[in-house]
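One letter stands for each residue in the lines below.
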Amino acid sequence: MTRNTSVLAPVLRSETQARLLAAVLLHPDREASIADLARETGSDPGNLHSEVERLVQAGILADRRAGRTRLLRAGTSALIGPLANLLLLGYGPKTVVEDALTGIPGVQQAFIAGSWAARYEGQPGAFPNDVDVIVVGKPDRDDVTEAVVEALRAIGHDGQVIFRSPSAWRDPKDAFTRTAKQRPLVELTIGADHG
C-alpha cells in the first residue's frame, strides 16, 4: 500500500505512515518487527522501513535489536500522546472492536463495514462518526452489542452491530451478505494474538 494521503487522519503524510503509527501507538506495551507490522498494515516492507527511520529519528518510535530482528515500540516524544489520541479517533475502531470481541464465545468472524470501512480503504468522504460492525457466529447478542457499543463510545463513535449466522454469511443468495461483500469490509482479528 502506498496511498498518498490518509483519509481517516488527513493531517498525516500517508496512509502507510498512519497505519504504522496506529499499529504501534495504539498498542503502547507491544513490540513488533517490521515484517509483522508490514503484514498487519498491508504495507510494503521497503516503504515501511523508510517510514520507520523517520519516526525513530523523531523519537516517535523506538527500536531495539533482537538478533537480526528489529523490534519497534512507542518512543518517548512529547508528540506521542496527542498523536495517539488522533489515531484512536481515526483508526481506533478496528483496535477497540477487536479488543471488545476477543474472548466472547460464539464469535467466528467480525468485520467493520459502512462509511468507516470505506474511509479505511481510501474512499473519500466525510469523517465517519458511526461504525457498523458485522458479527458472524452465534454469540450472546446482548453481550456483543454492549461490548462493541461501549468500546466505540469510549473513543467518540456511535456503533451498531449486525449479526449473521455462519450459513447466511456463506450464502451467495443472501441479499444482505451479497451487498455487504460488494462494499468495503475490514476484517477484524479476534483473539489474544491480534496486537
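Please refer to the structure higher up on the page.
Structure report, in brief. Quick caveat, the model's predicted, so the values are computed rather than measured.

1. Side note on the pairing of strand β6 (residues 158-164)
And then number 1: Relative to β6, strand β5 (residues 130-137) is paired through 7 bridges, and the arrangement is parallel. Counterpart to Val133 in the pairing with β6 is Val161.
And then number 2: With helix α6 (residues 141-154) bridging β5 and its parallel neighbour β6, the resulting β-α-β unit is right-handed.

2. Concerning the environment of Leu25
And then number 1: Within the fold, Leu25 resides in helix α1 (residues 15-25).
And then number 2: With relative accessibility at 6%, the residue Leu25 sits in the buried group.
And then number 3: Sequence spacing of Leu25 and Leu79 is 54 residues, and the spatial spacing of their C-alpha atoms is 11 Å.
And then number 4: Setting aside residues up to four positions removed in sequence, Leu25 forms contacts with Ile60, Ala74, Ile80, Leu83, Ala84 and Leu87.

3. Brief notes about the sheet that holds β6
And then number 1: Reading across the sheet, the 4 strands line up as β6-β5-β4-β7 and stay open at both edges, with mixed pairing between neighbours. With partners counted over all chains shown, the strands left at the sheet margins are β6 and β7 (186-187), one partner each.
And then number 2: The pairing of strand β4 (residues 107-113) with β7 spans 2 bridges and is antiparallel. Paired with Ile112 across the bridge in β7 is Val186.
And then number 3: Contacts from α6 reach β4, β5 and β6, with the element oriented near 150° to β6.

4. A closer look at the side chain of Gln17
And then number 1: Looking at where Gln17 falls in the secondary structure, it is placed in helix α1.
And then number 2: Setting aside residues up to four positions removed in sequence, Gln17 forms contacts with Leu12, Glu51 and Leu55.

5. Considerations on the packing of aromatic side chains
And then number 1: Applying the stated criterion across every chain yields a total of 3 aromatic pairs.
And then number 2: Seen from their ring centres, Tyr91 and Tyr120 are 6.0 Å apart, and the 65° between their planes marks the pair as edge-to-face. Of the two residues, Tyr91 is situated in helix α4 (residues 80-101) and Tyr120 in helix α5 (residues 114-120); the sequence distance between them amounts to 29 residues. Assigned by exposure class, Tyr91 and Tyr120 land together as buried.
And then number 3: Arranged with centres 4.9 Å apart and planes meeting at 20°, the rings of Trp116 and Tyr120 form a pair that is stacked. Here Trp116 pairs with Tyr120, and both are found in helix α5, just 4 residues apart, close to one helical turn. Across the pair, exposure class does not vary: Trp116 and Tyr120 are buried alike.
And then number 4: A network of ring pairs unites the aromatic residues Tyr91, Trp116 and Tyr120 as a single cluster.
And then number 5: One Lys or Arg, Arg19, reaches over the ring of Tyr120 and ends 3.8 Å from the middle of that ring.
And then number 6: A cation sits over an aromatic face here: Lys181 above Trp169, 4.9 Å from the ring centre.

Conventions used here
- Residues numbered from 1 in each chain as written.
- Predicted model: local features only at pLDDT ≥ 70, side-chain atom pairs only at ≥ 80, totals over all residues.
- Heavy atoms only, no water.
- Pairing = 2+ DSSP bridges.
- Helix = DSSP H or I, 4+ residues; strand = E, 2+ residues; numbered from the N terminus.
- Right-handed = clockwise from strand over helix to strand, strands pointing away.
- Buried < 20%, exposed > 50% of the residue type's maximum accessible area, 1.4 Å probe, protein only.
- Contact = heavy atoms within 4.5 Å.
- Axes fitted to C-alpha atoms, helices over the stretch in contact; angles between N-to-C directions.
- Phe/Tyr/Trp six-rings, centres within 6.5 Å; stacked < 30°, edge-to-face > 60°.
- Lys NZ or Arg CZ within 6 Å of the ring centre and 35° of its normal.

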